[in-house]
Amino acid sequence: MQLESYQIADHNNSLQESHQRKLAYWTEEVANAETIIGKLIDFQIAIPSWALGTGGTRFGRFAGGGEPRSLEEKLGDIGLLHALNQSSGAISLHIPWDIPTDPEAIKQLAAQYGIRFDAMNSNTFQDQPGQPLSYKFGSLQHVDPAVRQQAVEHNIEVIRHGLALGSDALTVWLADGSCFPGQLNFRKAFERTLDSLQAIYKALPDDWKMLVEYKAYEPNFYSTTIGDWGSSFLYATKLGPKAYTLVDLGHHLPNANIEQIVAILLNEKKLGGFHFNDSKYGDDDLTAGSVKPYQLFLIFNELVDGLDARGLNHATSLGWMIDASHNVKDPLEDLLQSVEAIQLAYAQALLVDRVALEEAREANDVVRAQEILQEAFRTDVRPLVAEARLRAGGAIQPLALYRQLNVRQKLIGERGTKTIATGL
Ligand SMILES: [Mn+2]
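In this report, we go over the structure that sits alongside the text. Not measured: the values here are computed from a predicted model. (Residues numbered from 1 in each chain as written. Predicted model: local features only at pLDDT ≥ 70, side-chain atom pairs only at ≥ 80, totals over all residues.)

## A short note on the overall build of the chain
For the chain, the count of helices and strands is 15 helices and 13 strands. For 424 residues, the compact-globule estimate of 2.2 N^0.38 gives 22 Å, and the chain sits close to it at 22 Å. Its C-alpha atoms put the chain at 65 × 60 × 40 Å along the principal axes. Looking at the 424 residues of the chain, the share that counts as buried comes to 47%. For the chain, restricting intrachain contacts to residue pairs at least 6 apart in sequence, the fraction spanning at least 24 positions comes to 79%. (Helix = DSSP H or I, 4+ residues; strand = E, 2+ residues; numbered from the N terminus. Rg over C-alpha atoms; globule rule 2.2 N^0.38 Å. Buried ≥ 20, exposed ≤ 12 C-beta atoms within 10 Å, placed from the backbone. Contact = placed C-beta atoms within 7 Å.)

Right under this line is the structure:
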């Protein structure tokens, strides 16, 4: 299904009066409101192709119906999101789940929805039908050079698919590691992984980035070969200037200070991209901002500070992507919530009085420094985010309109109740 522009216009008209009332405070009281709105309009968050179907846990999966059955339908779903919020104008594809059979046609379809192709994701964490060698004991780290070669070739194939679509980044996330003490020679696993990554890096086009994602544990539960930002930073540094670290918010040990990690990586010019989600315990892949919105704000505070310090463009310098999985929610509703939470945290970070914050720090005024951050975090920036959407042609309240139009029911009508999207 496709949204008609009159549907969005009707919705916006019905909310216009109350929206303008809430916005008035900003236009009258806040000096940089226009700048913030402009930055929000530019800021796009890529949607992963695997987040459009219902996510499962290792205990089961409860499909919600109307899931996209093909890459074309996945693009259609992101087209719906983008029409509603005008902030989801990119898709991150996963190979082999989403191999485009006709790249030109797929590119054209994406362009119709205003969607570009963000980072491509390879998959050597599961075996595919017909695959000669198994990744049971790792891929790029495997003791058998033939398995490593197979995994390297897969990554190069992913680059080729990305080139055909106009992508310019490859994200490598490895499940490689070990489940039991003694299983793995850590040093050799690290070196073998580096060799394999170097082979992939050699095939990377000059204007591409390689994003090395780390994860503390799972599916391997004793060690992960790229287990933390330090390991990823080491690989990215050894590989060269096109390699960067990718931070997935759920891939840390509990209570890790992610904002500090982000600040250092950005300063070292090695932060390449983000996977947003939220968690209470582990890699829960919950809706961004649903559990720890203050952490999300603190991360954005460092991002804005670090990007500005280096004179970088907020919207284009890093890869911004959601990486979440939805077991009990309608995936599209969940994605609307995640995008909104990310925009709110970003807008709040833009509000921080950085001059005053630095003065407080220089004066060791701990209380004042905390007050400055919390002042921004406790400000209701929803009217600003809504105004950015409105000006970009989106809906003032995307989720409300999604429900009002019965989008999910219509998708079920088109696609059926038993459809299952490719993915985990
Ligand atoms: Mn991720």
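## Looking at helix 8 (residues 258-267)
Of the positions making up helix 8, those classed as buried are Ile258, Ile261, Val262, Ala263, Leu265 and Leu266. Of the surrounding elements, those touching the buried residues of helix 8 are helix 7 (229-239), strand 11 (243-248), strand 12 (271-276) and helix 9 (293-309). Within two residues after helix 8, Lys269 carries a phi angle of roughly 60 degrees, on the positive side.

## As for unusual backbone geometry
Of the consecutive residues Ile95 and Pro96, the connecting peptide bond is found in the cis state with omega at 20 degrees. Within the fold, Pro96 resides in the loop between strand 4 (90-92) and helix 4 (103-113). Along the chain, Glu218 connects to Pro219 via a cis peptide bond; the corresponding omega equals 5 degrees. With respect to the helices, strands and loops of the structure, Pro219 is situated in the loop between strand 9 (209-213) and strand 10 (223-224). Positive phi, close to 55 degrees, is recorded for Asp285, a residue that is not glycine. Position of Asp285 relative to the elements: it lies in the loop between strand 12 and helix 9. Residue classification places Asp285 among the buried positions, given that 22 C-beta atoms sit within 10 Å. Positioned with a positive phi, Asn364 is a non-glycine residue whose angle comes to about 55 degrees.

## What about the sheet that holds strand 7 (residues 169-173)?
Ordered by their spatial adjacency, 6 strands build an open sheet running 6-7-9-11-12-13, and the pairing between neighbours is parallel. Looking at strand neighbours, the two that pair on one side only are strand 6 (120-121) and strand 13 (319-322), the edges of this open sheet. Across 4 bridges, the pairing between strand 9 and strand 11 is parallel. Bridge pairing links Glu213 to Leu246 in strand 11. Sheet contacts for helix 5 (residues 145-165): strand 6 and strand 7; angle to strand 7, the most-contacted strand, approximately 150 degrees. (Pairing = 2+ DSSP bridges. Axes fitted to C-alpha atoms, helices over the stretch in contact; angles between N-to-C directions.)

## Concerning the packing of helix 1 (residues 5-29) against helix 13 (residues 382-392)
The interhelical angle for the contact between helix 1 and helix 13, taken along N-to-C directions, is 130 degrees, at an axis separation of 9 Å. The angle between the axes of helix 1 and helix 13 places the two elements in the oblique class. Seen from above, helix 1 lies across helix 13 with left-handed handedness. Contacts between helix 1 and helix 13 pair Asn12, His19, Lys22, Leu23 and Trp26 from the former with Pro383, Leu384, Ala386, Glu387 and Leu390 from the latter. Residues that form the contact of helix 1 with helix 13 fall into these classes: 6 nonpolar, 2 polar and 2 charged. (Parallel < 35°, antiparallel > 145°, perpendicular 65-115°, else oblique. Left-handed = near helix turned anticlockwise from the far one by under 90°. Nonpolar A, V, L, I, M, F, W, Y, C, P; charged D, E, K, R; others polar.)

## Thoughts on the nonpolar core
Counting residues in hydrophobic clusters, the biggest one holds 109 residues, and the most contacted among them are Ile91, Leu170, Val262 and Ala347. When neighbours within four sequence positions are excluded, Leu170 is seen to be in contact with Ala119, Met120, Ser122, Asn155, Val158, Ile159, Gly162, Leu204, Trp208, Met210 and Leu211. (Core = buried A, V, L, I, M, F, W, Y, C linked by C-beta atoms within 7 Å.)

## Observations concerning the environment of Val367
One can find Val367 in helix 12 (residues 366-377). According to the C-beta neighbour criterion, Val367 is exposed, with 8 such atoms within 10 Å. Sequence spacing of Val367 and Ile342 is 25 residues, and the spatial spacing of their C-alpha atoms is 27 Å.

## Things to note about the sheet that holds strand 4
Sheets are built from strands paired through backbone hydrogen bonds, the pairs being either parallel or antiparallel. Taken in spatial order, the 3 strands of this open sheet run 1-4-5, and their pairing is parallel. Of all the strands in the sheet, the pair left with one neighbour each is strand 1 (47-48) and strand 5 (116-117).

## Focus on the packing of helix 2 (residues 33-42) against helix 10 (residues 331-351)
Closest axis-to-axis distance for the helix 2/helix 10 pair is 10 Å, and the angle between their directions is 145 degrees. Here helix 2 runs over helix 10; the crossing is right-handed. Counting all contacts with helix 2, which are made through Ile36, Lys39 and Leu40, the residues of helix 10 involved are Gln343, Ala347 and Leu350. Taken together, the residues of the contact of helix 2 with helix 10 break down into 4 nonpolar, 1 polar and 1 charged.

## Some points on the environment of Gly53
Tracing the backbone through its elements, the reader meets Gly53 in the loop between strand 1 and strand 2 (56-57). By C-beta crowding, Gly53 is classed as buried, having 26 other C-beta atoms within 10 Å. For the pair Gly53 and Gly65, spaced 12 residues apart in sequence, the C-alpha separation works out to 8.8 Å.

## Focus on the pairing of strand 9
Most of strand 9 sits inside the fold, with 5 of its 5 residues counted as buried. Of the strand pairs in this sheet, strand 7 and strand 9 are connected by 5 bridges, and their pairing is parallel. Note on strand 9: the bridge partner recorded for Ala169 is Lys209.

## A word on the pairing of strand 7
For strand 7, a buried count of 5 out of 5 residues is recorded, marking the element as mostly surrounded by other parts of the structure. Taking every second residue as pointing to the same face, both faces of strand 7 are buried, with Ala169, Thr171 and Trp173 on one and Leu170 and Val172 on the other. Both strand 6 and strand 7 contribute to a ladder of 2 bridges, which runs parallel. Among the inter-strand pairings, Asn121 is bridged to a residue of strand 7, identified as Thr171.

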